[in-house]
Amino acid sequence: MKKRRIMVPIILLALACPVIPGFDSGLKVRCYTVESDAVQAPVRVALISDLHSCGYGENQRELIDAVDSQNPDLVLMSGDIFDDELPDDNTEQFLRGVGKRYPCYYVTGNHEHWSGSGAFLEKMDILKECGVHRLSGVCETVSVRGTAINLCGVDDPEASFTASADPARDTVSFLQQIDQVRKASENGNYTILLSHRPEFFELYAAQGFDLSLCGHAHGGQFRIPGILNGLYAPNQGFFPKYAGGEYHKKRTVMIVSRGLARESTRVPRFYNRPELVIIDIV
Ligand SMILES: [Fe+2]
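As annotated in an unreviewed UniProt entry, the protein chain carries the name Phosphoesterase and is attributed to [Clostridium] leptum DSM 753.

S.K.: Teacher, can you tell me more about the coordination of the iron ion here?
M.R.: Six octahedral donors at a metal ideally form angles of 90 or 180 degrees, and four tetrahedral donors ideally form angles of 109.5 degrees. Coordination of the iron ion by the protein comes from Asp-80 (OD), Asn-110 (OD1), His-196 (NE2) and His-216 (ND1), over a distance range of 2.1 to 2.3 Å. Around the iron ion sit four donor atoms, and with donor-metal-donor angles ranging over 85 to 177° the site reads as irregular. Along the chain, the residues that donate to the iron ion are spaced as D-x29-N-x85-H-x19-H. In this pair, Asn-110 sits in helix α4 (residues 110-113) while His-216 sits in the loop between β9 (211-214) and β10 (232-233), placing the two residues 106 residues apart along the sequence.

S.K.: Where do I start with the sheet that holds strand β12 (residues 245-249) in this structure?
M.R.: The strands making up a sheet associate through hydrogen bonds between their backbones, and the pairing can be parallel or antiparallel. The six strands are arranged β6-β7-β8-β9-β13-β12 in an open sheet whose pairing can be described as mixed. Two strands close off the open sheet at either side, each with one partner strand: β6 (138-144) and β12. Across this sheet, the average inter-strand angle for adjacent strands is 20°, counted without regard to direction. With four bridges connecting them, β9 and strand β13 (residues 252-256) associate as parallel partners. Within β13, the position partnered with Ser-212 by the bridge is Met-254.

S.K.: Even after reading the chapter, I still don't get the pairing of strand β14 (residues 275-281), so can you show me in this structure?
M.R.: The two faces of the sheet receive side chains in turn, since in a regular strand these alternate between them. In terms of residue burial, β14 counts as a mostly covered element, since seven of its seven residues are buried. Of the two faces of β14, both are covered, the one formed by Glu-275, Val-277, Ile-279 and Ile-281 as well as the one formed by Leu-276, Ile-278 and Asp-280. Bridging between strand β1 (residues 28-34) and β14 involves seven bridges; their strand directions are parallel. Bridge assignment links Val-29 to a residue of β14, and that residue is Leu-276.

S.K.: Would you explain the nonpolar core in this entry?
M.R.: Where a protein is soluble and globular, its nonpolar side chains tend to be buried together. Within the largest apolar cluster, 29 residues are counted, with the highest numbers of intra-cluster contacts made by Ile-48, Met-77, Phe-94 and Leu-95. Those elements giving two or more residues to this core turn out to be β2 (43-48), α2 (61-70), β3 (74-78), α3 (89-98), β4 (104-107), α5 (117-129) and β14. Not counting chain neighbours up to four residues away, the residues in contact with Phe-94 comprise Ile-48, Leu-51, Gln-60, Leu-63, Ile-64, Val-67 and Met-77. If you look at the next biggest cluster of nonpolar residues, it comprises 25 residues, including Leu-135, Tyr-190, Leu-211 and Ile-255.

S.K.: What's the story with the packing of aromatic side chains in this structure? I'm lost.
M.R.: Each aromatic ring pair is specified by the distance between its two centres and by the angle formed by the two planes. In this structure the tally under the stated criterion is eight aromatic pairs. Ring centres of Phe-174 and Phe-200 lie 4.9 Å apart, and the angle between their planes is 40°; this geometry places the pair in the tilted category. With Phe-174 in helix α7 (residues 174-184) and Phe-200 in the loop between β8 (190-194) and α8 (201-207), the pair connects residues that are 26 residues apart, well separated along the chain. You can call Phe-200 partly exposed: its relative accessible area is 28%.

S.K.: It is not clear to me how the layout of surface pockets should be interpreted in this structure. Could you clarify?
M.R.: A probe matching the size of a water molecule, rolled over the atoms, marks out where space remains unfilled. In this structure, the largest pocket spans a volume of roughly 590 Å³. Lining the largest pocket are 25 residues, with His-111, His-218, Pro-234, Thr-265 and Arg-266 sitting closest to its centre. Here the residues of the lining of the largest pocket sort into eight nonpolar, 10 polar and seven charged.

S.K.: Looking at this structure, I do not really get unusual backbone geometry. What am I missing?
M.R.: Most peptide bonds take the trans form, and the phi angle of most residues other than glycine is negative. A positive phi angle is found at Asp-80, which is not glycine, with a value near 55°. Although it is not a glycine, Arg-145 sits at a positive phi angle of roughly 45°. Assignment of secondary structure puts Arg-145 in the loop between β6 and β7 (147-153). For Arg-145, a relative accessible area of 51% corresponds to the exposed category.

About the thresholds
- Residues numbered from 1 in each chain as written.
- Predicted model: local features only at pLDDT ≥ 70, side-chain atom pairs only at ≥ 80, totals over all residues.
- Heavy atoms only, no water.
- Donors = N, O, S within 2.8 Å, 3.2 Å for Na, K, Ca; no water.
- Tetrahedral: all angles 85-135°; square planar, octahedral: opposite > 155°, others 65-115°.
- Helix = DSSP H or I, 4+ residues; strand = E, 2+ residues; numbered from the N terminus.
- Pairing = 2+ DSSP bridges.
- Axes fitted to C-alpha atoms, helices over the stretch in contact; angles between N-to-C directions.
- Buried < 20%, exposed > 50% of the residue type's maximum accessible area, 1.4 Å probe, protein only.
- Core = buried A, V, L, I, M, F, W, Y, C linked by side-chain atoms within 4.5 Å.
- Contact = heavy atoms within 4.5 Å.
- Phe/Tyr/Trp six-rings, centres within 6.5 Å; stacked < 30°, edge-to-face > 60°.
- 1 Å grid on protein atoms, 1.4 Å probe; cavity = no way out; pocket = protein on both sides within 12 Å on 5 of 7 lines; lining within 4 Å.
- Points joined across faces, edges and corners; volume = space filled by probe spheres on them.
- Nonpolar A, V, L, I, M, F, W, Y, C, P; charged D, E, K, R; others polar.

Structure, rendered in structure tokens:
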């Protein structure tokens, strides 16, 4: 009887050992390299996705320092940077920390559009004040060490569902925006499409964008390394195809960030640390 009393906690501890590290939600830097003949010199992109106004240390120092440590040429934000329930403070601090020190570009995610008309416009004002460019069905051309790059961005499809609530919002549909940016990017430059949604990868590949950067899937929330790349993702369901990682179709590469959401999520992340994504285009 005494022996059994000792064995039970030992067995429970042994079972818990591989589980406990799975709940590590410390920030991770994940790096990708994408090759292209269209760039004259390497271009480094920092991708921030699905921050959901979560906190990374005092004044967001941990996340800002992580970006600084990578010395990116561009900081791109693929939506849900704000949250529809949490206050904007953490996001605002992050944007103030990077907005005027790097060329920063942003597209909306579904949660920004779910915020309601007034709150949505307040978030867009914060972006503007911090020097972050919103790409809403448009492309801007930037030059990085002699390479002209088209930065194109589309709003989350939720924009058109909620447009009638706010006449100031873009009423152009997602598909129309994709068509607009494809036409605007037909100038021979390397083209990056910034879009919140990874589930439309076939569409992005059909349009011939060089690189699509997305988020939204949160890594499928639960992962088992080497076995399961995500249990569930919004708009993809169980066992999502595009939960996080690098994907290829035709000439298009898509990189999906697992995002930075922590305390905003109802269920904890498992073997799915929040990530700052760094992409070297070489
Ligand atoms: Fe999202």
